[in-house]
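Analysis of the macromolecular model
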Amino acid sequence: MPPDGGDVSPEAGGRPRGESAHHPPEPRTYGDLLGSPQIRRWIQRAVIGLAVGVVLTVLFDLRIGVTAAALVVIYDVVRRARSTSSVAAWQKSSAAERRTEKQLRALERDGYRVLHARAVPRDDEGSSDGRIDHLVIGPSGVYAIDSEKWDKRLPVRTMSHRKLFHGPFNKKEKLDEARWEADQASKTLSGRVGFEVPVQPSVAIYGPAIPWKVMRVRDVDVYSGTRARGYLRGRPKILTETDVQRIYQAAESSLPPKYPGEE
């Protein structure tokens, strides 16, 4: 449940923010519907599918025309789903962040809440300096995940859990940055909720093969990007639903979106 005095969200069963108890929202007009990007996309799909279907029906037969029209629509739906992200900067098929975001959506049914591309304030200055790609808050704790796309031709290796190499390149700076961002988020959230909120940093790597499941290097968990969802599953529960909601609300208000215009 939300803390006392907080807004009640629709997910919690209350009235949506901004909706009056005495004035229900006005019904949408046809103009509103046609102005919706989703509706326009479906109209475009239907027109393209119909055109393809008519041409192939004329050239071959109705069965082939209808099948081709359906395949055109299905292809566009799948293509759009693969490139959809809540963060505009990640809306491209190769974005590592978008791939992790897609995995994390499946955790929502398990009580996890996720914020993407959140700015981390500098020590005591309040200005945005870093970015947490994915801040995950759930029954097993709080995690700061950075998604990285590395050259797949170069191997990844570690030395004594203290050094991480991508080919000849030492990734100490990347690990230190991930740990610093998590530490700043921990301090910010702990100050807001009134109890200690540890934030575990991690790096999800796409591209090269990672020869382990999860390895902690310089206190940062490192793993293949394809394991991002599995990394969080199966961990013991340490937070209640109330704790998760309080921390999520604190993060939403104190760690602003990194990119202007993002929700």
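Reference entry: report on the structure contained in this document. (Residues numbered from 1 in each chain as written. Predicted model: local features only at pLDDT ≥ 70, side-chain atom pairs only at ≥ 80, totals over all residues. Heavy atoms only, no water.)

**With respect to the environment of L164**
Operational definition: Comment: elements are numbered from the N terminus, with helices defined as DSSP H or I runs of at least four residues and strands as E runs of at least two. Partly exposed residues are those whose accessible area sits between 20% and 50% of the maximum for their type, while under 20% is buried and over 50% is exposed, using a 1.4 Å probe and protein chains only. Any two residues whose heavy atoms approach within 4.5 Å at even a single point are treated as in contact.
Among the secondary structure elements, L164 is positioned in strand β5 (residues 163–166). Its relative accessible area of 1% is what places L164 among the buried residues. The spacing of L164 and V217 is 53 residues in sequence and 7.0 Å in space, taken between C-alpha atoms. Discounting chain neighbours no more than four positions away, the residues touching L164 are W150, V156, R157, T158, F169, N170, K171, K172, L175, W212, V217 and V222.

**Quick word on helix α4 (residues 96–105)**
Along an α-helix, residues three or four positions apart point the same way, because every turn accommodates 3.6 residues. Of all 10 residues making up α4, 7 are buried, and the element is well covered by its neighbours. For α4, the full list of buried residues reads A96, E97, R98, T100, E101, Q103 and L104.

**Here we look at the environment of R157**
Relative to the assigned elements, R157 resides in strand β4 (residues 156–159). R157 sits 55 residues away from W212 along the chain, and the two C-alpha atoms are 9.6 Å apart. Setting aside chain neighbours within four positions, we find R157 in contact with K163, L164, F165, G167 and W212.

**Here's the deal with a nonpolar patch on the surface**
To keep things clear, this is the line we draw: Distance thresholds for patches are 9 Å for like charges and 5 Å for nonpolar side chains (Val, Leu, Ile, Met, Phe, Trp, Tyr), applied to residues having over 30% relative accessible area and no salt bridge. Only the protein chains shown count as cover for residues, and all accessible areas are computed by the Shrake-Rupley method using a 1.4 Å probe. Take a side-chain nitrogen of Lys or Arg and a carboxyl oxygen of Asp or Glu: if they are within 4 Å of each other, that pair is a salt bridge.
The grouping of V55, L59, F60 and I64 at the surface amounts to a nonpolar patch, some 390 Å² of accessible area in total. Relative to the helices and strands, V55 is located in helix α2 (residues 37–59). Judged by its relative accessible area of 46%, V55 falls in the partly exposed class.

**Let's talk about the nonpolar core**
Put simply, the test is: What is meant by a nonpolar core is a set of buried Ala, Val, Leu, Ile, Met, Phe, Trp, Tyr and Cys residues, joined one to another through side-chain atoms within 4.5 Å.
By size, the foremost hydrophobic cluster in this structure holds 20 residues, and its most contacted members are L135, I137, V142, L189, V199, I247 and A251. Elements with a minimum of two residues in this core: β1 (113–121), β2 (128–138), β3 (141–149), α5 (172–193) and α7 (241–254). The dominant element in this core, judged by the number of residues it contributes, is α7, at 5 residues. In this structure, L175, V203, I205 and M215 belong to the second largest nonpolar core, which totals 13 residues.

**Things to note about the environment of I64**
Looking at where I64 falls in the secondary structure, it is placed in helix α3 (residues 62–82). I64 gets classed as partly exposed once you look at its relative accessible area, which sits at 31%. Once the C-alpha coordinates of I64 and G53 are considered, the two residues, 11 residues apart in sequence, prove to be 7.7 Å apart.

**Regarding α7**
The condition is simple: To estimate the expected span of a helix, subtract one from its residue number and multiply by 1.5 Å.
With 14 residues, α7 ought to run about 20 Å at 1.5 Å a step, and its terminal C-alpha atoms sit 20 Å apart, in line with that. For α7, every residue scored as buried is listed here: D243, V244, Q245, I247, Y248, Q249, A250, A251 and S254.

**As for the packing of aromatic side chains**
Our working definition: Ring geometry is summarised as follows: Phe, Tyr and Trp rings, the Trp one being its six-membered ring, pair when their centres sit within 6.5 Å, and such pairs are stacked at plane angles under 30 degrees, edge-to-face over 60 and tilted between the two.
By the definition in use, this model includes 2 aromatic pairs. With 5.8 Å between their ring centres and 75° between their planes, Y143 and Y231 make a pair best called edge-to-face. On the criterion of sequence distance, the pair formed by Y143 in strand β3 and Y231 in helix α6 (residues 228–232) is long-range, its members being 88 residues apart. On the basis of relative accessibility, which here comes to 4%, the residue Y143 falls in the buried class. Geometrically, the ring pair formed by Y223 and Y231 is stacked, given 4.4 Å between the ring centres and 25° between the ring planes. Side by side, Y223 and Y231 carry an identical accessibility label, which is buried.

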